[in-house]
Every structure is written in C-alpha cells, then in structure tokens.
Amino acid sequence: YIACTQWYLYIRYTCWRFGRTIKMEQLQVERHFTGPPPNYCQPKEVGIFSLTSKGFFNDGRNLKYYIEPRDKERVRFDLNKGYPEKLVSWKGEGGDLDHILKWIREAKRTDPNILSGVDFVTMRGHLTKVTCSPYDRSDEWRKLAVSKFKGKWYVSQVRDDWEEDLKMTHWGHKFEQYLTADTPGGTPDTDGVIDLNDGFYTVVKSRLNTHSLLFSAEVDGRVTGSTKACYVEMKTNRTLQNPKQQANFYKYKLRSCWAQSYLVGVPEIVFGFRDDGGVVKTVKSFRTDEIPGQVAQYDHSWSKDVCMSLCDRFLSYVKRCATKDDPNVVYVFQREGQRVRCELSRNKFLPDWYTNAV
C-alpha cells in the first residue's frame, strides 16, 4: 500500500512538474498500409568504433575483412570448434547506449556540430525491433525507454532478464571467424579465441521521412575493393530441406535480417546453412534490396512498406509523447499485443558523464 501511494504521489508530482496531464495516447501496430511509402535515405557512415574486453576504443582495431569461400556449394565449417574452451563470455557492463554516447563525446571534440539536425540517437537493434513489429510476436520487444535531451530523443532498451544460448551464440561467431581475416585477402584464423565482448561498429546518419537518425550498428566484415565503406552481414541457419522450411525462412528469418541490413545500408547478407550438429555445408549470399521482392511469392508474407511505415509512425508517436526536455524524465514505450502505450519511469539511463559533456 505504501509503495502504491508513493508511486501515485510521484505521478501527481511529475504531472504538476510538466504543467499538464501526461498524454496517454496509444499507437496501433498494423499489418496494412495505405498511402505513399515512407522515404528512407541511404545511410551515410560518419564514424566507427571498436569494443573489446578492455572497453571502448574510438578506432577500427576490430574491423574484419570478408573472405569469400572458393566454392560456396562445398564447404565444411565446424561451428563447434573451440567450444567452450575458447569462448570468452560477455561482461554486459554499462547501458546499451553507452558506446555510441562515448563516440559522440569523442566526435564533438573535432566536430562540435555532429548532432546538428539529429532527432534520434539510438542503436540499430532497437530500430530493427520496431520495424519488424507488424509481423513479430507481441513479446518480441516489450519496453523501450526514451529521454529527450537538448532537442534529441535518445532511445534505449529497458533491460529484461534473459538467458543467452552460448552454444548457438558461439556458432554464429564461429561462422564469422571462418569468413573473415584481419587484412584484405588474408587467411581466416579459425583457431583463435572468440570473445563476445569484441566488436566493430559503424555509426551512420540517415533519415526516415521527417525523422533524422544517428545510430550505431555492429557489422561483421568489410568487403574489399569498394571505393566506400561496404559491409556484409553473416548469419547461420539450419539447412532448408523442404518447401515449407524455405517459405518459413523467407517469411520469418529473412525479415529481421533484411531490416537489420537495410537500416544501416549493408547490401549483402551471407548465410551459412548448417546441419543439426553445427557443421556448415553450403554458403549463399542474398542481396538486401532484392529480399522484399523475393519474399512476395509466399502467401501471408511481409511488406517492406508496412515495416518502414510502422517505424515512421512509432518515431512520430515518440515525439508526440516524450515532450519534456530533461534527461531525468524517462518515457517507457511498452508493447501490449497490437498496441504500444507510453508511461513514465524513474529509471534514468543517460549518464551524467554524457549530459555534462554535451
């Protein structure tokens, strides 16, 4: 009773502080779309950074280069190699936005206007979840936290307890190890340690209709020979053995992979098709821009325009609800079935070292 009373008084105080009642508008998650498709501008890379077990580094030390197999139809990549003795688990320290916030802090030293014109600061993963919402289960993402600070909306994820399947995670990273090297044209080192804290990230700017975006995304490898930064995404999947499995692959697995790559401008997704024992037998590449057309042949499939429209409407919804420019005020956007609602939270996520610096 005391806790409920305290929460009620907090809400009353917050409403008084805002000078008005909190708007509790809801967003409908829909699978149909009418009108012109939303315009999404080609993302432009504005920076890079690397993560290691020792922390954040504002450089490309973890950049890997894609090494294409000589014969994609006949490979043998044992994804169990080195597991578990050569797997370093993820530490999970800090908030999910801490890394891009550190990058912004560093970038502002050479470019004070790096945030000029930006509406949203976030991670690619959060945009992917929202983009796929019309077709995903309602529990695919539950809560996103938003704070408005100096005219920018920062979108983070409310942490939930979850258990990672380390073996499957190792399989994914091991596949990347078979197809990447430290130098262009180099030889992959498949005997090395897999450290889940290691990663290479691109930072991009883009625009979805009226919303200007700045976000980071981990990328698996860079394609050599390109005049500009050109990355490739790498995934594994069970070998497709019948038409039903193939249809499900296009309708479900490729949807999230397409959104993940499309949002950051990655043109190619490389899949390793494995058996149940974790041995990849074939490798196949998919062009990101061709996937929506390929998936249209299957009944009850997904639409690129529906996905991007929902992301556009969600960002507009955030702007309408999260109006108080104060890093101590947190709005939580919670999905419940086919609706998203907004409520207040006391769990601040923007660190003082960032708000004091920018």
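Up top is the structure.
S.K.: Describe in detail the environment of tryptophan 141, supporting the description with residues and values.
M.R.: Considering the arrangement of structural elements, one finds tryptophan 141 in the loop between α3 (124-131) and β8 (143-149). By relative accessible area, tryptophan 141 is classed as buried at 4%. For tryptophan 141 and glutamine 334, which are 193 residues apart along the polypeptide, the C-alpha to C-alpha distance reads 8.3 Å. Ignoring anything within four residues of it in the chain, the contact list for tryptophan 141 reads Lys129, Val130, Ser133, Phe314, Phe333, Arg335 and Val340.

S.K.: Give me the lowdown on the nonpolar core, citing residues and values where you can.
M.R.: In terms of nonpolar packing, the biggest core is built from 59 residues, with Phe314 and Phe333 touching the most fellow members. Each residue touching phenylalanine 314, except ones within four places of it in the same chain, is listed here: Leu27, Val130, Trp141, Leu144, Phe333 and Val340. The next biggest cluster of nonpolar side chains, apart from the first, holds 25 residues, and it includes Leu97, Val118, Phe149 and Val332.

S.K.: Residue-level account of the pairing of strand β19 (residues 339-345), with values.
M.R.: Bridging between strand β1 (residues 26-28) and β19 involves 3 bridges; their strand directions are antiparallel. Residue pairing for β19: leucine 27 is matched across the bridge by valine 340. When strand β18 (residues 330-336) meets β19, the two strands line up antiparallel, connected through 7 bridges. Of the residues in β19, the one forming a bridge with valine 330 is serine 345. Joining the antiparallel neighbours β18 and β19 is a turn of 2 residues, in which glycine 337 adopts a positive phi near 65°.

S.K.: So, helix α4 (residues 166-178): which residues are in play, and what are the values?
M.R.: Helix length check: α4 (13 residues) gives 18 Å between terminal C-alpha atoms against 18 Å at 1.5 Å per residue, within 8%. Inspection of α4 places Thr169, His170, Trp171, Lys174, Phe175, Glu176, Gln177 and Tyr178 among the buried residues, and these make up the whole buried set. If you check the start of α4, you find a side-chain oxygen 3.2 Å away from the backbone N of lysine 167, and it comes from aspartate 165.

S.K.: How would you summarise the pattern of salt bridges if you had to cite specific residues and measurements?
M.R.: For the coordinates displayed, the defined rule picks out 14 salt bridges. Among the salt bridges present, the one from aspartate 119 reaches lysine 319, with a minimum N-O distance of 3.3 Å. Here the residue aspartate 119 occupies a position in the loop between α2 (98-110) and β7 (120-123), and lysine 319 occupies one in helix α7 (residues 304-321), the gap between them amounting to 200 residues. For lysine 319, a relative accessible area of 22% corresponds to the partly exposed category. Among the salt bridges present, the one from aspartate 352 reaches lysine 348, with a minimum N-O distance of 2.6 Å. Assessed through its relative accessible area of 33%, lysine 348 is described here as partly exposed. Connected through shared salt-bridge partners, Glu336, Arg341 and Glu343 make up one network.

S.K.: Give a description of the sheet that holds β18 that names residues and reports values.
M.R.: The mixed open sheet is built from 10 strands, whose spatial order is β1-β19-β18-β8-β9-β7-β13-β12-β2-β3. The open sheet has two free edges, formed respectively by β1 and β3 (55-57), since each of these has just one partner strand. Taken over all neighbouring pairs, the strand axes of this sheet differ in orientation by 25° on average, direction set aside. Pairing between strand β2 (residues 44-52) and β3: 3 bridges, direction antiparallel. Paired with serine 50 across the two strands is phenylalanine 57, which belongs to β3. Packing of α7 onto the sheet brings it into contact with β1, β7, β8, β9 (152-157), β12 (199-208), β13 (211-218), β18 and β19, and relative to β1 it is tilted by some 175°.

S.K.: Describe the side chain of glutamine 260, with residues and values.
M.R.: Among the secondary structure elements, glutamine 260 is positioned in helix α5 (residues 243-264). Glutamine 260 gets classed as buried once you look at its relative accessible area, which sits at 17%. Every residue in contact with glutamine 260, bar those within four places of it in the chain, is listed here: Arg124, Thr128, Glu233 and Lys235.

S.K.: Can you lay out the packing of aromatic side chains for me, pointing to particular residues and giving the numbers?
M.R.: Considering all chains together, one arrives at 21 aromatic pairs under this definition. When the centroid spacing of 5.7 Å and the interplanar angle of 90° are considered together, the rings of phenylalanine 249 and tyrosine 250 count as edge-to-face. Of the residues examined, phenylalanine 249 reaches a relative accessible area of 3% and is grouped as buried. Of the residues examined, tyrosine 250 reaches a relative accessible area of 9% and is grouped as buried. The structure contains a cluster of three or more aromatic residues connected by ring pairs, namely Phe249, Tyr250, Phe271, Phe273, Phe286 and Tyr298.

S.K.: So, the side chain of threonine 236: which residues are in play, and what are the values?
M.R.: Its location among the elements puts threonine 236 in strand β15 (residues 231-238). Exposure remark for threonine 236: the relative accessible area of 16% places this residue in the buried category. If we skip the residues at most four places from it in the chain, threonine 236 touches Leu79, Trp171, Phe175, Lys253, Phe271, Gly272 and Arg274.

S.K.: Outline the packing of α3 against α5, supporting the account with residue identities and numerical values.
M.R.: At their nearest, the axes of α3 and α5 sit 9 Å apart, and the two run at 130° to each other. The angle between the axes of α3 and α5 places the two elements in the oblique class. When you trace α3 past α5, the crossing you get is right-handed. On α5, the residues touching Arg124, Leu127, Thr128 and Thr131 of α3 are Ser256, Trp258, Ala259, Gln260, Leu263 and Val264. Split by residue class, the contact of α3 with α5 holds 5 nonpolar, 4 polar and 1 charged.

About the criteria used
- Residues numbered from 1 in each chain as written.
- Predicted model: local features only at pLDDT ≥ 70, side-chain atom pairs only at ≥ 80, totals over all residues.
- Heavy atoms only, no water.
- Helix = DSSP H or I, 4+ residues; strand = E, 2+ residues; numbered from the N terminus.
- Buried < 20%, exposed > 50% of the residue type's maximum accessible area, 1.4 Å probe, protein only.
- Contact = heavy atoms within 4.5 Å.
- Core = buried A, V, L, I, M, F, W, Y, C linked by side-chain atoms within 4.5 Å.
- Pairing = 2+ DSSP bridges.
- Expected span 1.5 Å × (residues − 1).
- Polar contact = N/O pair within 3.5 Å; in protein donor to acceptor, adjacent residues only side chain to side chain.
- Salt bridge = Lys/Arg side-chain N within 4 Å of Asp/Glu carboxyl O.
- Axes fitted to C-alpha atoms, helices over the stretch in contact; angles between N-to-C directions.
- Phe/Tyr/Trp six-rings, centres within 6.5 Å; stacked < 30°, edge-to-face > 60°.
- Parallel < 35°, antiparallel > 145°, perpendicular 65-115°, else oblique.
- Left-handed = near helix turned anticlockwise from the far one by under 90°.
- Nonpolar A, V, L, I, M, F, W, Y, C, P; charged D, E, K, R; others polar.

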